[in-house]
Amino acid sequence: MPDYNEDDYLLLSGIQHFNFCRRQWALIHVEQQWEENVRTLEGTYVHRIADQPHLREKRGNKLIVRALPVHSGTLGITGICDVVEFVRDPAGIPLSGEEGLYLPYPVEYKRGKPKKNDSDRSQLIAQLMCLEEMLACDLSLGYLYYNETKHRVEVPVTLSDREQVKAVLQEMHHYFAKKHTPKAKAGPHCQSCSLHNVCLPEMLKKRSVASYIESRLSE
Amino acid sequence: MKKLLNTLFVTTPDTYLSLDGENIVIRQEENILGRYPLHNLEAVCTFGYAGVSPALMGSCAERSIGLTFMTRTGRFLARVTGESRGNVVLRKEQYRISDDERRSALVARNFILGKIYNAKWILERATRDYALRLDIPRIKKVSAALSESMNLVHSVEDLDILRGVEGSAAVQYNSVFDELILQQKDDFFFRGRNKRPPLDNVNALLSFAYTLLSNDVRSALESVGLDAYVGFLHRDRPGRASLALDMMEELRGVYADRFVLSLINKKLINPKGFYRKENGAVLMDDDTRKQVIKGWQERKQEKIIHPYLNEKISWGLVPYSQALLLARYIRGDLDEYPPFLWK
Ligand code: SF4
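Chain B is annotated in an unreviewed UniProt entry as CRISPR-associated endonuclease Cas1 of Paenibacillus durus ATCC 35681. The Sequence similarities (unreviewed entry) comment attached to chain B in UniProt states, word for word, "Belongs to the CRISPR-associated endonuclease Cas1 family." Of chain B, the UniProt comment under Subunit (unreviewed entry) reads exactly: "Homodimer, forms a heterotetramer with a Cas2 homodimer."

The name given to chain A in an unreviewed UniProt entry is CRISPR-associated exonuclease Cas4, with Paenibacillus durus ATCC 35681 as the source organism. Quoted straight from UniProt, the Sequence similarities (unreviewed entry) entry for chain A says "Belongs to the CRISPR-associated exonuclease Cas4 family."

Below is the structure:
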């Protein structure tokens, strides 16, 4: 598969939007209808982190790196890993400036608690695939850390997980290339959607404007 | 629906606005006249050359708080905008429609339809509310003529014809507008529209209300990602917010005219607050202008049911909801642009 052009990279964080609602993802990432542009937000975030001296932390056989920018040319994505733990491992890869061999494990922080569906997993898997590509290594697991339960969940990554993420990303690239915003499929999830005001899903279920005008004029 | 935030109007001339932490501070020489948190604000509108610190401009631009400079009489001077955001795809489609006369006409006719419909119902309401005071047959005649214009507009696909119908409907409406002024008739009367400059008290009020409205409409269009300068009915002219003017057609009567009428009829405005210049131009004094702005802010808080969305919103969100609906139409989510049909 040919690599994506860097200009066409999608934001990794969009996977969770896409899983939540395709229209929401398109409104944010295709149309940039966000109160505050996501890219700007990520930009300031990285900036804030980069200004801090303790980005790297050594704990025993672990090297903990925060806010690590990652990308993948084959998947056509770019983003930031909250935390990547590099663990000393004879099967690992050499890191510049460090002695020994290491293997990376992405850790994704979530505000809430574990969800029933696996919407949080895809993003982590995509991060893992980015790390594999950038560091030329094979990985098999990452972690989800839930702030509410202060609990870390181990996420093994299988081949079929990867295929699934690839398929989702392909679909996202397809919409993105066509600049297409899917029509709303309104549901209970709309209640918690931050773009409800921009999307107005109820509106699309309304009668046609032509009949609205007709009925008003005939009054 | 979006939350209606406040607009800060600065009407005291020779003030200086600056940023202090998360607040706007208004200063006149050494005195601090006021301090307002930025997070409550949607827009800042200054009249009379108030200076603004670069830091405050930057903060407003970053938070998409509209910052507009007007002359004391309410003529638009400049606006500070940040990096252009939003939907290129949407704007390109807007330009395509604007370049195509027939497609433009299909949108424009709904603006005009809204304008005439609202004009008709302003008159109809008045005949109901003030049956004993008004020349009912005369107004009913105009109302019937407006209905006829509406039927015409409904099938027009040509911009020039549309402008023609719109023009004659406006003449009809203006011919009875004076009837709607029920108080202080010696000082407030309407003999026709004049604007450069306004030559009587009513025209001075109308001009000022249109300025306030156009500012709201322009911000609304920009906040949904449309280009306020590229219109359908009004064609491009450098420096003219054509799309804002388009959208104002349907809102002028129902929003601004009715507002002006209520100021006069409820005697919220005093004829002593107006003065005439040597060239005949009528201007308002600072207190009167403050009074108008106060009334405008209060009007924006009043609730109505949006006729198409069927949702309770405040008057202040009407420009925003129309802008949003226009964007939805341009993107292909709606079969037509739904004008604001008030009754
Ligand atoms: S409101 Fe509903 S349909 Fe619209 S973007 Fe949000 S979740 Fe999707």
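Colleague: Explain helix α2 (residues 22-30) of chain A to me, please; I cannot follow it from the model alone.
Modeller: It helps to recall that an α-helix has 3.6 residues per turn; residues three or four apart then point in one direction. All names here are of chain A. Within α2, eight of the nine residues are buried, which leaves the element mostly enclosed by the surrounding structure. Considered for burial, the residues of α2 that qualify are Arg23, Gln24, Trp25, Ala26, Leu27, Ile28, His29 and Val30. In the stretch just after α2, Gln32 is the one whose phi turns positive, near 55°.

Colleague: Would you explain the UniProt feature "binding site: Mn(2+)" (unreviewed entry) in chain B in this entry?
Modeller: Residue and element names in this part refer to chain B. Following the UniProt record, one finds the feature "binding site: Mn(2+)" (unreviewed entry) at Glu166, His234 and Glu249. With the annotated positions falling across 84 residues, the maximum pairwise C-alpha distance of 12.5 Å places them together in a single cluster. Excluding residues within four positions of it along the chain, His234 makes contact with Arg240, Ser242, Leu245, Asp246 and Glu249. Within the structure, the side chain of His234 is placed 2.6 Å from the side chain of Asp246, a separation counted as a polar contact. Looking at the element boundaries, Glu249 is found in helix α7 (residues 242-265).

Colleague: Please explain the pattern of salt bridges as it appears in this structure.
Modeller: Between side chains of opposite charge, a pair can form when the charged atoms approach closely. Taken as a whole and assessed by the stated rule, the structure comprises 27 salt bridges over all chains. A salt bridge links A:Lys58 to A:Glu98; the nearest nitrogen and oxygen atoms lie 2.9 Å apart. Of this pair, A:Lys58 sits in strand β2 (residues 56-59) while A:Glu98 sits in the loop between β4 (77-94) and β5 (101-110), placing them 40 residues apart in sequence. Counted as one network, the salt bridges with shared partners bring together A:Arg23, B:Arg328, B:Arg331 and B:Asp333.

Colleague: Any chance you could explain the domain arrangement of chain A here in plain terms?
Modeller: Interface size is often expressed as the accessible area that is lost when the parts come together. Residues and elements named next belong to chain A. Splitting chain A by domain gives domain 1 (6-182) and domain 2 (183-218). Each side of the interface is counted separately: domain 1 has ten residues, and domain 2 has ten residues. The interface formed by domain 1 and domain 2 holds zero salt bridges in total. Counting every contact that joins domain 1 to domain 2 gives zero residue pairs in polar contact (both at pLDDT 80 or more). Broken down by element, the residue count for the side of domain 1 that touches domain 2 peaks at four residues, all from α2. Grouping the amino acids of the side of domain 1 that touches domain 2 by side-chain chemistry returns six nonpolar, three polar and one charged.

Colleague: Sorry if this is basic, but what is going on with the sheet that holds strand β7 (residues 66-70) of chain B here?
Modeller: Two modes of strand pairing occur in sheets, parallel and antiparallel, and in both the strands are linked by backbone hydrogen bonds. All names here are of chain B. Judged by pairing direction, the sheet is mixed, and its four strands sit side by side in the order β1-β5-β7-β8 without closing on themselves. Each edge of the sheet is formed by a strand with only one pairing partner; in this case those strands are β1 (6-10) and β8 (76-80). Pairwise comparison of adjacent strand axes, ignoring direction, gives a mean angle of 15° for this sheet. Relative to strand β5 (residues 41-47), β1 runs parallel, the two being bridged by five bridges. Bridging from a neighbouring strand, Leu8 pairs with Val44 of β5. Running over the sheet, helix α6 (residues 201-223) touches β1, β5, β7 and β8 and is turned about 25° from β8.

Colleague: It is not clear to me how the site of the ligand should be interpreted in this structure. Could you clarify?
Modeller: Residue and element names in this part refer to chain A. Residues in close proximity to the ligand include Phe20, Cys21, Gln24, Ala184, His189, Cys190, Cys193, His196, Cys199 and Pro201, which together make up its full environment. A class-by-class count of the residues in the shell around the ligand yields seven nonpolar, three polar and no charged. Counting contributing residues per domain, the shell around the ligand is built from domain 1 (6-182) and domain 2 (183-218), each supplying no fewer than three.

Colleague: Help me understand the domain arrangement of chain B, please; the structure alone is not making it clear to me.
Modeller: Residue and element names in this part refer to chain B. Assigned domains within chain B: domain 1 (6-80) and domain 2 (88-331). The partner domain 2 presents 16 residues to the 14 residues of domain 1 that form the contact. Summed over both sides, the interface between domain 1 and domain 2 buries roughly 1,300 Å², with carbon and sulfur atoms accounting for 50% of that surface. Between domain 1 and domain 2 we count zero residue pairs in polar contact (both at pLDDT 80 or more) in total. Of all the secondary structure elements, the ones that give two or more residues to the side of domain 1 that touches domain 2 are β1, β5, β7 and β8. The element that contributes the greatest number of residues to the side of domain 1 that touches domain 2 is β1, accounting for three residues.

Colleague: Help me out: how do you make sense of the interface of chain B and chain A in this one?
Modeller: Each partner contributes to the interface: chain B provides 32 residues, whereas chain A provides 28 residues. Summed over both partners, the interface of chain B with chain A buries about 2,600 Å², with 54% contributed by carbon and sulfur atoms. Linking chain B to chain A there are one salt bridge. For A:Arg23, the salt bridge is made with B:Asp333, and the minimal N-O distance between the two is 3.2 Å. One can count seven residue pairs in polar contact (both at pLDDT 80 or more) joining chain B with chain A. A total of four residues in the side of chain B that touches chain A trace back to one element, the largest contributor, which is helix α9 (residues 318-330) of chain B. Looking at the side of chain B that touches chain A residue by residue, the class counts come to 18 nonpolar, six polar and eight charged.

What counts and what doesn't
Position numbers for residues count from 1 along each chain, tracking the sequence in the order it is written. Each chain gets a letter, beginning with A, and each ligand a number, beginning with 1, in the order they are written. Per-residue local features are limited, in this predicted model, to residues with pLDDT of at least 70; the limit for side-chain atom pairs, both in listing and counting, is 80 or more; totals at the level of whole chains, interfaces and linings are taken over all residues. Each side-chain value is derived from all of the structure's non-hydrogen atoms; neither hydrogens nor water enter the calculation. UniProt positions are given in the numbering used here, feature names are shortened, and annotations may be inferred rather than shown by experiment. Think of it in three bands: with a 1.4 Å probe and only protein chains considered, a residue is buried below 20% of the maximum accessible area for its type, exposed above 50%, and partly exposed in between. Helix and strand labels come from DSSP, where a helix needs a run of H or I of at least four residues and a strand needs a run of E of at least two; each type is numbered from the N terminus. Whether two residues are in contact is decided by their heavy atoms: any pair within 4.5 Å suffices. Any pair of nitrogen or oxygen atoms within 3.5 Å is treated as a polar contact; in protein, a donor-acceptor pairing is required on top of that, and neighbouring residues in sequence qualify only through side-chain atoms on both sides. Take a side-chain nitrogen of Lys or Arg and a carboxyl oxygen of Asp or Glu: if they are within 4 Å of each other, that pair is a salt bridge. Where each domain starts and ends comes from a domain assignment, either automatic or drawn from a database. Under the grouping applied here, Gly and all other residues not named as nonpolar or charged are polar, the nonpolar ones being Ala, Val, Leu, Ile, Met, Phe, Trp, Tyr, Cys and Pro and the charged ones Asp, Glu, Lys and Arg. Strands qualify as paired when DSSP identifies two bridges or more between them. Here an axis means a line fitted to C-alpha atoms, over the contact stretch when the element is a helix, while the angle between two N-to-C directions is reported on a 0 to 180 degree scale. We call a residue near a molecule or strand whenever a single non-hydrogen atom of that residue lies within 4 Å of it. A 1.4 Å probe defines the accessible area here, and the buried area is the portion of it lost by two parts on being joined, summed over both.

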